[in-house]
Amino acid sequence: MPSSRLSVHQLLSCLCLPVLGAATHVTAKEPGHADLETVTVTSGSAPETSIDVADTGFNLSAIDTAEFFNFSKDLQQILNSSPGIIVRQRGALGSDSELSINGLSGNQVRYFLDGIPMEAFGSALRIGDLPVNVAERLDVYKGVVPISLSADALGGAVNIITPAGNEDYFNGAASYGSFNTLRSSFNSQHSHSKSGAFARLSGFFNHSDNDYEIDNAPVTDELGNVQQSGSVRRFHDAYRSHMLSAKLGLGHRTWADELSLGLTSAVNRNELQHPTTTVNQVYGQYHSTNRTWLSTLVYKFSGDDFALTSYLLKGQVDESYVDTASRRYQWDGSYTPRSEQLGEVGNRSRLTVSDDLLRANFSGRYHLTDQFSLGSALSFNRTDRSGDDSLQPDSTLLAGTNQLTKSVFALDSSQTFFDERLRSTVFWKHYVYEGEVSSVRTESFNQRFVTSKETGSANGFGLALQYQPWDSTTVKFSREKAYRIAEPNEMLGNGQFVLPNPELEPEQSTNTNLSANYGAMLNAWYLGAEINAFHRDASHFIYYNPSEVIRGRYENLGEVLAKGLELSTTVDYQDSYSAHVNMTYQDITDQTPQDFDGSENLHRGDRIPNTPYFFANARLGWTHHRDNFDKISIYATSRFVNEYYLRWESDGDKDQKDKIPSQTSYDLELEYVLSNIDMSASLTVSNLTDEALYDNFKIQKPGRAYYVKVRFAY
Amino acid sequence: MFKRSALTLAVLAAMTGCGSDSSSSDNSGDPITMSFKVSASNSADQIEYLIQQEDLKTDAISAQGAGYEQTSWNFYYAVGDTLFISGYGNKEMNAYQANDGGDLEKINTFLFDETPEVFGHIGSETLLATDQPRSGAHVPSVLYTLDAQTGQATAKTSYTIHHKDTGVRGEGTVAAASGLAVEGDKLFVAFHKWDDSAGGTNYRTDEQDTAFVAVYDYPLTDNAEPLKIISDERTGHIGVNGNPTNMIRLENGDIYTMSHGGVGAIAAGFSSNSETPSGILRINSGETEFDADYFLNISEKTDGGRIFWFSSIGGNKVLARILTANEAADQVSWSAFGKDFHTMKLVLIDLEEQTVTDVEGVPMHQKRWTSPLEVIDGKVYLSIETPDGAHVYEYDVATNVATKGAKIVGKTIKGFYDL
């Protein structure tokens, strides 16, 4: 595609422009496919530093968010329409969700915000909370991750790039629609060109009542006998989150490209309507709240042949679970009282889990020649967890202090050959971790306080190759032995349902990608196509073992093999018509030789249950440019997910098995962009045909919904 | 029996009929329904299926391509021709019956708040079930009554068993029911004493060297309290965790309870070991006290063994699993429920004669959970798990001999039902 011919410099300057500048720049530069969902940055570079030529050959999908700025989608929904990626939600705004890249999912995928790991940032800063307008670009690394994002990313990484640049800007967006859903955001920067000083302020506010109807709730008599399934309206599912982020800094000094200090505050309140896997039980007051404080110090410097990036982050994240109502609710909102020691879930409880975060990273790159550079990265990530339940002073859960420290030291060597037609990067990552758990353990039924400390290390290697035989065509190969060190809640427990297991080892996977990309302008047509084959050979999978059914611990239990193919094509005609289609097939199978108590695993070779394996997305666009240069666009989006079984496919009578049905959903988006002032308005109809949509068994997502959005900029 | 009038006997026989755990029936040609558990690397994926098969002697039994899928871990308890499947994590109880064509049909789904974990029955008409205080909270228990004909819940009754509240959570105790039986107009609830720790009981068993049964008027009235609590120090807490037949009522109306005792008790899910013998107590029909003259000392009769499970096979006879002493296994908490040690032997006990006889043909094995046994055409089917895998054994009631049958291609079969 054309962008493959941009020089690194052009590309950087393009990406470093403020949001709106970037959008118009892309439109002007690449007429005919401004609506591309995926811009593959083959010349390889990360955003705000100039040291990341090491990205060469990595399987990177850089999703330009500009084309979604006018629409009512969040980052999660945008990712969900990319090949190889699936996001499964348990409801609407604020609900639990899980993102999978090429078959690896959940915490096997790491999120970064401008290169800083977002792990344990709290539930107000999940990717579903972030409106599209807070990001400028999404970089999705599938399976193989460059050393600049130093973390234990087993299955890949998503780096959210926020707007930054030299010029002043202020832009804002607000959408309102069904279920009393309001989503708003703003970004602004004021800078002093002479001194290089700048101040940035950004934020978002989300609210939704989420009071949509679901079809399959059980209707019972007063004793609990199910009479029928019926439609009910969710009545305790409201979600609210907001974030404010300020950054003060200096740029373009001889001694620094950037030195900045940032402060971010985020808050949410999340009502929980029912347990995560069933609608048989109903909660009417149970909810969680989150408060997050993050402060960051960033320093960047680049010389003629040397560049350095570093950050320091300190954070405090408090997550509270409030179960104080001694009531048992029904779907009609009525309730019966329970004993006063009980809440809706268990014992009455007001548990707060507090995480103290400390993160630091130093990355450097030295260019020995134009063709050869060496990079290094050192990162440090410590989480201290403590807990307190004000209604259960005798509770021993999380009564001790727990901490997890993860460090990664990484080196790479990047080189180009044959006029940069061949680029290669080899890298090494060394992981060191230390977990410390102070917890109450039961030994022969006697409780005692035990402090145990676990340390470990691992070495990962990787390679990324890119060959560009013709300007239109790029072939990439990448491979990495990747690790994921257990999350704090896996090793240390969450104080609620998850018990500690300090003996947990890292998950590991050998990830391989082979892809070919074609893009060319043919007169007024742009044609693009990409094929990506992936292979993930993973072991030491950490599974939650609910040994006490409602409580349990995480253990190294599984081996999984994932093989798959992604196809995507883009056809654009002039600046008026566009079509983008992608599809993914993935064969993800259980390879574990033994079951969890040592017998032969009879499902070895079976497809992993409750996991989508075939899905496709299509997006058709039509744009009309009016004589006054205003623009009207219509987009129709469709998504298909093939049915999959909830449980092992080979077991049971096929007609009796629980499954997540095949689903096709349609969204319609209408956009009007004014030319004389920088403003746009849009209307989105999501789930146009009012399908009953499920990402999880019997946990229904919203039906048809309407959203209006206005965006403006100065 | 001599202790009771002929009139009472006749009335009781009419009232209670014969229990599912000792029902004899003619099953010629019909498939036997089984609750089958598959193997999986992740315990959460160990799914249970209801499968049907006629030949349990030679054909391997598997859930491949066949069976009615169930959710998570379940209790299976048949009353008459109805099989109740009650979720442990999944808060619903489904009732199945076989239709005229022999296929299974779900006849009702009952949603509950407090998970039933202890079961009993009255004749072939009524299922009784009650919950356990896993929250450690001092809250009333719930007795669920279900009609076997319709599979529907007909009553939900709140009642209390025992609790000791010191004001400090963890120092008091709450009652964990371990058995339910109705005889005449009395309800008997066997129970353990668990700690009342905040955030959930730690399953510490207080006063475990005493057997406890609470006695109520039946039918139970809402907010009922025990008429009395009877106790016996000849053996320990009645029952082991999860077993649906810790307390059984024979056809003659006598109620028998089994106690693991204190030797090696931590292996069976108790919080400490002691010297208390393992044994069986009796409450004679029409009485509300333990029979002071009856104690079947299992420790003595089995050379230091402890009873882990028993289930009625008609008359005065029960089949039982005896945990044999094992130095390594007896040092590991809950080891009897795991797969590391195969220390159980199968025996036939005549409760009246107080004889314990090894069952010929069954190897040492391990078994965590078993539905009440059913006698089908003079045979009883058992799933026996050894290090070589799981197999069906067919036990001949007449000869006290078991023969090895079909291989189980999976973890276990929790029960065999003639529906």
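Keep in mind that what you see is a predicted model, and the values were worked out from it rather than measured. (Residues numbered from 1 in each chain as written. Chains lettered and ligands numbered in written order. Predicted model: local features only at pLDDT ≥ 70, side-chain atom pairs only at ≥ 80, totals over all residues. Heavy atoms only, no water.)

## Some details on the overall build of chain B
When helices and strands are tallied, chain B shows two helices and 30 strands. Put simply, chain B has 419 residues, and 64% of those count as buried. Side-chain charges in chain B split into 30 positive and 58 negative, and the spacing between the mean points of these groups amounts to 4 Å. (Helix = DSSP H or I, 4+ residues; strand = E, 2+ residues; numbered from the N terminus. Buried < 20%, exposed > 50% of the residue type's maximum accessible area, 1.4 Å probe, protein only. Lys, Arg positive; Asp, Glu negative; His and termini not counted. Charge placed at Lys NZ, Arg CZ, Asp CG, Glu CD.)

## Some words on the sheet that holds strand β7 (residues 137-142) of chain A
All names here are of chain A. If you trace the five strands from one edge of the open sheet to the other, you get β1-β7-β8-β5-β6, paired in mixed fashion. Looking at the sheet topology across the chains shown, the edges are occupied by β1 (60-64) and β6 (116-117). Bridging between β7 and strand β8 (residues 156-161) involves six bridges; their strand directions are antiparallel. Bridge pairing in β8 places Arg137 opposite Ile161. (Pairing = 2+ DSSP bridges.)

## Observations concerning a nonpolar patch on the surface
All names here are of chain A. Taken together, the side chains of Tyr577, Trp622, Ile634, Tyr666, Leu668, Leu670, Leu683, Leu688, Tyr706, Val708 and Val710 define a hydrophobic patch exposed on the protein surface, amounting to about 900 Å² of accessible area. Its place among the elements puts Leu688 in the loop between β36 (679-686) and β37 (694-696). A relative accessible area of 32% places Leu688 in the partly exposed class. (Patch = residues over 30% accessible without salt bridge, like charges linked within 9 Å, V, L, I, M, F, W, Y side chains within 5 Å. Areas by Shrake-Rupley, 256 points an atom, 1.4 Å probe, with all protein chains shown as cover. Salt bridge = Lys/Arg side-chain N within 4 Å of Asp/Glu carboxyl O.)

## Thoughts on the interface of chain A and chain B
At the junction of the two partners, chain A supplies 51 residues and chain B supplies 61 residues. Interface area for chain A against chain B, summed over the two sides, is near 4,500 Å², with a carbon-plus-sulfur share of 48%. Measuring nitrogen to oxygen at the nearest pair gives 2.7 Å for the salt bridge that ties Arg338 of chain A to Glu114 of chain B. Put simply, the parts of the chain that give the side of chain A that touches chain B at least two residues each are β12 (213-220), β28 (525-548) and β29 (551-573) of chain A. The element best represented in the side of chain A that touches chain B is β28 of chain A, accounting for five residues. Residues belonging to the side of chain A that touches chain B are distributed by class as follows: 14 nonpolar, 22 polar and 15 charged. (Contact = heavy atoms within 4.5 Å. Buried area = accessible area lost by both parts, 1.4 Å probe. Nonpolar A, V, L, I, M, F, W, Y, C, P; charged D, E, K, R; others polar.)

## Let's talk about the sheet that holds strand β12 (residues 153-159) of chain B
All names here are of chain B. Read across the sheet, four strands follow the order β9-β10-β11-β12 without closing on themselves; strand pairing throughout is antiparallel. Among the strands making up the open sheet, the edge pair consists of β9 (116-122) and β12. For this sheet the average axis-to-axis angle between neighbouring strands, irrespective of direction, equals 20 degrees. Note that strand β10 (residues 126-131) and strand β11 (residues 141-147) share five bridges and pair antiparallel. Pairing of Leu127 across the sheet is with Leu146, part of β11. (Axes fitted to C-alpha atoms, helices over the stretch in contact; angles between N-to-C directions.)

## Thoughts on the packing of aromatic side chains
Counted according to the given criterion, the structure contains 41 aromatic pairs over all chains. One aromatic cluster in this structure is built from Trp73, Phe75, Tyr77, Tyr88, Phe119 and Trp369 of chain B. The side chain of Arg607 of chain A reaches across the aromatic face of Tyr613 of chain A, ending 3.6 Å from its centre. (Phe/Tyr/Trp six-rings, centres within 6.5 Å; stacked < 30°, edge-to-face > 60°. Lys NZ or Arg CZ within 6 Å of the ring centre and 35° of its normal.)

## Quick notes on the confidence of the model for chain A
Across chain A, the average pLDDT comes to 86, with 89% of residues at or above 70. Note on residues 1-55 of chain A: pLDDT is under 50 here. Beyond four places in sequence and across chains, it has 132 contacts. (pLDDT = per-residue confidence, 0-100.)

## Re the environment of Leu357 of chain A
All names here are of chain A. Relative to the helices and strands, Leu357 resides in strand β20 (residues 349-369). When its relative accessible area of 1% is taken as the criterion, Leu357 is described as buried. Residues Leu357 and Val145 lie 212 residues apart in sequence; the distance between their C-alpha atoms is 23 Å. Excluding residues that lie within four positions of it along the chain, Leu357 makes contacts with Glu119, Ala120, Phe121, Leu294, Leu313, Lys314, Gly315, Val317, Arg382 and Thr383.

## Describing the pattern of salt bridges
Evaluated as defined, the whole model comprises 53 salt bridges over all chains. Glu69 of chain B is paired through a salt bridge with Arg647 of chain A; the nearest N and O atoms lie 3.0 Å apart. Of this pair, Glu69 of chain B sits in strand β4 (residues 68-69) while Arg647 of chain A sits in the loop between β33 (644-645) and β34 (659-660), on two different chains. This pair shows no difference in class: Glu69 of chain B is buried, exactly as Arg647 of chain A is. Note that Arg134 of chain B is salt-bridged to Glu117 of chain B, the shortest N-O span being 2.5 Å. In this pair, Arg134 of chain B is assigned in the loop between β10 and β11 and Glu117 of chain B in strand β9, connecting sequence segments 17 residues apart. Judged by its relative accessible area of 5%, Glu117 of chain B is buried.

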